[in-house]
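Structure at a glance
Residue strings, one per chain:
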Amino acid sequence: MKARQVEREVRLPKAAWKIPQKEPLKSITWMQLLDCYASRSHIHGLYQVFLPTIRLRMRLLWALALFCAISVLIYVSYLLAERYQRKHFQTTIAAAHLPMYKFPFPVVIICNKNRLNWSRLPQIEHQYNITSSQKELFERTLTAYDALSFAHFNVFNSLMDEDLLPLNHLNFTKIVTEMSWRCDELLEGCIWEKELRNCCDLFHPRRQTQGLCLAFNEQEQRRNYDMGPNTGLMVRLLLHKEKHAPGNERTKGFVIDIVEPFVWFGFPVEIVPYTRTNIGVTGVYHYYDESTYSMPSGQRRCVMDYERESEHFRTLQGQKYMLENCLAECQQRHLLAYCNCTLDLFYPPSNYKACELKDLPCLAAHNYLLQNYEEPGEHPYVHRNAPGLICDCLHNCKSLTLMTEIRKKVIEPWKTHNSAVNNGMLLNVFYKRPGMLAYKTNLIYSWLDLLVSFGGICQLCLGCSIISLIELMHFGLVDIPNYCWLRWWRN
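Keep in mind it's a predicted model, so treat the numbers as computed, not measured.

1. Digging into the overall build of the protein
Of regular secondary structure, the protein possesses 14 helices and 17 strands. Evaluated residue by residue, the protein yields a buried proportion of 46% over its 491 residues. Considering only contacts in the protein between residues 6 or more positions apart, those separated by 24 or more positions represent 74%. With the model as given, the accessible surface of the protein reaches about 26800 Å², and the carbon-plus-sulfur share is 57%.

2. Topic: helix α7 (residues 172-179)
Since the α-helix advances by 3.6 residues per turn, residues separated by three or four positions end up pointing in the same direction. Considered for burial, the residues of α7 that qualify are F172, T173, I175, V176 and M179. With its buried residues spanning 160° around the axis, α7 presents them on a single face. Measuring from the side-chain oxygen of the N-cap residue of α7 to the backbone nitrogen of T173 gives 3.2 Å; that N-cap residue is N171.

3. Overview of the nonpolar core
Residues F138, L142, F153 and F156 are the most contacted members of the largest nonpolar core, which totals 55 residues. When contributions to this core are tallied by element, the ones reaching two or more residues are α5 (121-127), α6 (132-146), α7, α11 (323-339) and α12 (360-365). With 7 residues, α11 is the single largest residue contributor to this core. Contact partners of F153, with chain neighbours within four places excluded, come to L148, L335, L343, F346, L363, A364, N367 and L370. By size, the runner-up hydrophobic cluster in this structure holds 35 residues, among which are F103, F203, V429 and Y431.

4. Overview of a nonpolar patch on the surface
A cluster of nonpolar side chains, contributed by W447, L448, L451 and V452, occupies part of the molecular surface with about 460 Å² of accessible area. With respect to the element layout, L451 can be found in helix α13 (residues 447-462).

5. Some words on the environment of A328
Note that A328 resides in helix α11. Once the C-alpha coordinates of A328 and L316 are considered, the two residues, 12 residues apart in sequence, prove to be 6.9 Å apart. The contact partners of A328, leaving out residues within four places of it in the chain, are W264, F265, L316 and Y347.

6. What to know about the state of the cysteines
One pass over the structure, following the stated rule, counts 8 disulfides. Two residues share a disulfide in this structure: C326 and C393, whose sulfurs sit 2.1 Å from each other. Taking the sign of the S-S torsion, -80° for the link of C326 and C393, the bridge is left-handed. Taken as a pair, C326 in helix α11 and C393 in the loop between β13 (389-390) and β14 (395-396) lie far apart in primary sequence, 67 residues in all. The pair formed by C326 and C393 is uniform in burial state, with each residue classed as buried. Covalent S-S linkage joins C330 and C391, the inter-sulfur distance amounting to 1.9 Å. With the S-S bond torsion at -80°, the cross-link from C330 to C391 turns out left-handed.

7. Some words on the pattern of salt bridges
Taken as a whole and judged by the stated rule, the model has 16 salt bridges. The salt bridge involving E136 is made with R140; its shortest N-O contact spans 2.9 Å. Of this pair, E136 and R140 both sit in helix α6, 4 residues apart, which is roughly one turn of that helix. Within this structure, K353, E356, K358 and D359 form a network of salt bridges that share partners.

8. Some thoughts on unusual backbone geometry
Even without a glycine there, the phi angle at N129 is positive, about 55°. Inspection of the secondary structure assignment puts N129 in the loop between α5 and α6. Of note in this structure, N230 is not a glycine but carries a positive phi near 70°. Within the element layout of this structure, N230 appears in the loop between β6 (211-216) and β7 (233-238). For N230, a relative accessible area of 34% gives the class partly exposed.

9. Points about the confidence of the model for the protein
With 87% of its residues at a pLDDT of 70 or more, the protein has an overall mean of 84. Here helix α1 (residues 2-9) stands out as the least confident element of the protein, with mean pLDDT 44; strand β2 (residues 107-112) is the most confident, with 95. Note that pLDDT drops below 50 for residues 1-26; the model gives that stretch 35 contacts with residues more than four away or on any other chain.

10. Points about the sheet that holds strand β5 (residues 203-208)
Spatially, 5 strands are ordered β5-β6-β2-β8-β9 in an open sheet, and the strand pairing comes out antiparallel. The sheet is open, and its two edges are formed by β5 and β9 (269-271), each paired on a single side. Neighbour to neighbour, the strand axes of the sheet diverge by 35° on average, direction disregarded. Both strand β8 (residues 254-259) and β9 contribute to a ladder of 3 bridges, which runs antiparallel. Considered in β9, the bridge of I256 is made with V269.

11. Observations regarding the pairing of strand β16 (residues 424-431)
Here β16 lies mainly inside the structure; 7 of its 8 residues are buried. The sheet contact formed by β7 and β16 spans 6 bridges and is antiparallel. Its bridge partner being in β16, R236 is matched across the sheet by L426. For strand β10 (residues 275-288) and β16, the ladder comprises 6 bridges, and the chain directions are parallel. The residue bridging R276 from the neighbouring strand is L426, located in β16.

Scoring rules and cut-offs
- Residues numbered from 1 in each chain as written.
- Predicted model: local features only at pLDDT ≥ 70, side-chain atom pairs only at ≥ 80, totals over all residues.
- Heavy atoms only, no water.
- Helix = DSSP H or I, 4+ residues; strand = E, 2+ residues; numbered from the N terminus.
- Buried < 20%, exposed > 50% of the residue type's maximum accessible area, 1.4 Å probe, protein only.
- Contact = heavy atoms within 4.5 Å.
- Areas by Shrake-Rupley, 256 points an atom, 1.4 Å probe, with all protein chains shown as cover.
- Arc of directions from axis to C-beta.
- Polar contact = N/O pair within 3.5 Å; in protein donor to acceptor, adjacent residues only side chain to side chain.
- Core = buried A, V, L, I, M, F, W, Y, C linked by side-chain atoms within 4.5 Å.
- Patch = residues over 30% accessible without salt bridge, like charges linked within 9 Å, V, L, I, M, F, W, Y side chains within 5 Å.
- Salt bridge = Lys/Arg side-chain N within 4 Å of Asp/Glu carboxyl O.
- Disulfide = S-S within 2.5 Å.
- pLDDT = per-residue confidence, 0-100.
- Pairing = 2+ DSSP bridges.
- Axes fitted to C-alpha atoms, helices over the stretch in contact; angles between N-to-C directions.

If you want it as structure tokens, here you go:
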């Protein structure tokens, strides 16, 4: 037992700056322990403070210098931490000529401004057993649907103060779908990548905020490797004025929407009859790099596809998150708030209640509230006569913005060689340039920059490194507790 006690008395801290074990334990002081650490430490100035042979005046000066260096280190470290917490962004050009073919060719959506093929009206009236007393209201309702688009619900003004219950059992979305134009009635002479194709193989029916339209490349996501006129999509659009609703007095023509794949709607372009329209497409790609993914979407101001728990993740049911899809879902929510239903003709199938015939006058009454979008917090800067749709929607973190340059040429159908295109028009969609700009947004000051800056200020103020910090931690967490334990055991 006595031998074990003696062995414990001479056991000292096992460190690189170990105190010579010749010294009796009683003679080892705190200053000697500090001197042993300071003499072998890699922190500059520490050895001069604890050097036994240095004069008091010099010791004080070195202590003051060390104190100032530590103060500067703490202050600058605070500034670095504050800069890191601010999470400021910078946007730079990542590529000046990103190839267009790296992305699918845009989705081209074609809508006749007269949505319905009126020649099928007798068949529809017979199919749905429309009586002579119901015929006038039925045709007036379909005439309104013939010119319907979002924010133009005033076409239903004619249904105000009408008894709509006799026809309320009818599903007008289904009826309008059956009367909508088919691809073989609306399109011909389709050319894709300089090869003649069957139009019905290229275009498919598609719901949109303009009604039921025809969409190209929505599912297939074809790519185009050429640029210039006649290298993309060419199609002849057939107007068929004689098959339009006689009660729709709006101008004739087509509406063209060119959007990125997975985008539900965009900002359409009108095409008038007797023209050849060339649409050159260019793009700008913008993405956020991985250094920003750890931040919440509200601080980053964009949404990733996997951030389904984010408060900003709102999109059409079953659709990918896109800014436009978020706006479309916002339209649905406003329709639901005003009239307790949504017009399912404009959107993909969802759990929202579809509007019936009796709900259409309500849409007309609230049309003035649905004609513009209102950004949250814009009231101090933008004057509006009426409130709009408040949609707190963010861009997706990888977004492609398509820009179009439109050139129109009159076909002159009165000339003999152009008589075949009477009442129609030609559409040519192509890439205007082979490349586009790509912008990258990243953090100005990431955790890696913080680590490098902190290491630099530590080297500048104290001349130390990670090894020095490990030595200090070992001294504070191992050697000092071990020394205190030995002193307590001795006593």
